[in-house]
Amino acid sequence: ADATTTVQGVFTQRGFLRVITSPAVAATIAVDGLPSNDWGVFTDLPVGTHHVCFGNVSGYTTPACQDPVVTAGAKTTITANYE
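Summarised in this report is the structure supplied together with it.

The rules behind the values
- Residues numbered from 1 in each chain as written.
- Predicted model: local features only at pLDDT ≥ 70, side-chain atom pairs only at ≥ 80, totals over all residues.
- Heavy atoms only, no water.
- Buried < 20%, exposed > 50% of the residue type's maximum accessible area, 1.4 Å probe, protein only.
- Helix = DSSP H or I, 4+ residues; strand = E, 2+ residues; numbered from the N terminus.
- Pairing = 2+ DSSP bridges.
- Axes fitted to C-alpha atoms, helices over the stretch in contact; angles between N-to-C directions.

**Comments concerning the pairing of strand β1 (residues 15–22)**
Piece 1. The alternating pattern of β1 places Gly-15, Leu-17, Val-19 and Thr-21 on a buried face and Phe-16, Arg-18, Ile-20 and Ser-22 on a face that is not buried.
Piece 2. Inspection of the sheet shows β1 paired to strand β4 (residues 41–45) by 5 bridges, in the antiparallel sense. Bridging from a neighbouring strand, Leu-17 pairs with Thr-43 of β4.
Piece 3. The pairing of β1 with strand β8 (residues 75–81) spans 7 bridges and is parallel. By the bridge assignment, Leu-17 is partnered in β8 with Thr-76.

**Looking at unusual backbone geometry**
Most peptide bonds take the trans form, and the phi angle of most residues other than glycine is negative.
Piece 1. Pro-23 follows Ser-22 through a cis peptide bond whose omega is -5°.
Piece 2. Along the chain, the position of Pro-23 falls in the loop between β1 and β2 (29–31).
Piece 3. At Asp-32, a position not held by glycine, the phi torsion is positive, near 55°.
Piece 4. Secondary-structure assignment places Asp-32 in the loop between β2 and β3 (34–37).
Piece 5. Residue Asp-32 is classed as partly exposed on the basis of its relative accessible area of 41%.

**Some thoughts on the sheet that holds β3**
Piece 1. Overall, antiparallel pairing links the 3 strands, which are arranged β3-β2-β6 in an open sheet. Here the strands that pair on one side only, and so sit at the sheet edges, are β3 and β6 (52–54). Averaged over neighbouring strand pairs, the angle between their axes works out to 35° when direction is ignored.
Piece 2. Direction of pairing for β2 relative to β6: antiparallel, over a ladder of 3 bridges. Residue pairing across strands places Ile-29 opposite Phe-54, the latter belonging to β6.

This is how it looks when you write it as structure tokens:
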């Protein structure tokens, strides 16, 4: 009781990734191999290159995977075009 403890932490700034599907179809989006959502993702990630892939949607051609670069404190937006 009544003791004070000093803790020193390390802050690492992350970046943000926004993934949009066009049109807005119910496709599973995987970021670095982990399924994230069923049509759009907005998430914070460590700085660096990430691998984003898109699930199949009946009646559409699945877009190729993309490798966006996330920058500290910034938002990166990519679009998956289903045709």
